Amino acid sequence: MWPDSARIRLTSLASLSGLSATVAMPNHTNYFHWLWQGLPRVQGLREQFPKIDHWIVPPLDRPYVIESLEAAGIDLNRAISTSAGIIRCEKLCVVSQPS
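Colleague: Looking at this structure, I do not really get the sheet that holds strand E3 (residues 79-81). What am I missing?
Modeller: The strands that make up a sheet pair up through hydrogen bonds in the backbone, lying either parallel or antiparallel. An order of E3-E2-E1-E4 is seen for the four strands of this open sheet, with the pairing classed as parallel. Of all the strands in the sheet, the pair left with one neighbour each is E3 and strand E4 (86-94). Put simply, the sheet's adjacent strands are angled 40 degrees from each other on average, direction ignored. Judged from the three bridges that link them, strand E1 (residues 13-22) and strand E2 (residues 54-57) form a sheet pairing that is parallel. Directly across from Ala21, in E2, lies its bridge partner Trp55.

Shown next as structure tokens:
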């Protein structure tokens, strides 16, 4: 049994219809990791799935994340941050991080 201090409490639930793709990653706060491991996945996903309805992105707490997503053509109105809590997707495309 986990102690109360170690439990994650996620209360909000977002439901996304259609095809969602995730480029979220835990180390988005590191500029280098975001540019070389996170952002390249956007292009790969777009090449394989040109009709992505929603993008699951890391928390938009770094200006370079917001600016680079916009420069990559991601409409932030169709993006949902992992900080939103639990995200339920009708269809989800997940790609591994480049090594």
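Colleague: Would you mind showing me how to read the packing of helix H1 (residues 31-38) against helix H2 (residues 40-48) here?
Modeller: As a packed pair, H1 and H2 sit with axes 5 Å apart at the nearest point and diverge in direction by 20 degrees. Regarding the angle of H1 to H2, the classification is roughly parallel. Across from Trp34, Leu35, Trp36, Gln37 and Gly38 in H1, the residues of H2 making contact are Pro40, Arg41 and Val42. Its residues assigned to classes, the contact of H1 with H2 comprises five nonpolar, two polar and one charged.

Colleague: What exactly am I supposed to notice about the pairing of E2 here?
Modeller: Sheet faces and side chains relate simply in a regular strand, where the side chains alternate between the two faces. For E2 and E3, the ladder comprises three bridges, and the chain directions are parallel. When the bridges of E3 are listed, Ile56 appears paired with Ile80. A crossover connection joins E2 to the parallel E3 through helix H3 (residues 63-71); in handedness this β-α-β unit is right-handed.

Criteria and thresholds
Residues numbered from 1 in each chain as written. Predicted model: local features only at pLDDT ≥ 70, side-chain atom pairs only at ≥ 80, totals over all residues. Heavy atoms only, no water. Pairing = 2+ DSSP bridges. Helix = DSSP H or I, 4+ residues; strand = E, 2+ residues; numbered from the N terminus. Axes fitted to C-alpha atoms, helices over the stretch in contact; angles between N-to-C directions. Parallel < 35°, antiparallel > 145°, perpendicular 65-115°, else oblique. Contact = heavy atoms within 4.5 Å. Nonpolar A, V, L, I, M, F, W, Y, C, P; charged D, E, K, R; others polar. Right-handed = clockwise from strand over helix to strand, strands pointing away.

So, to be careful, I would describe these as geometric facts and stop short of saying anything about function.
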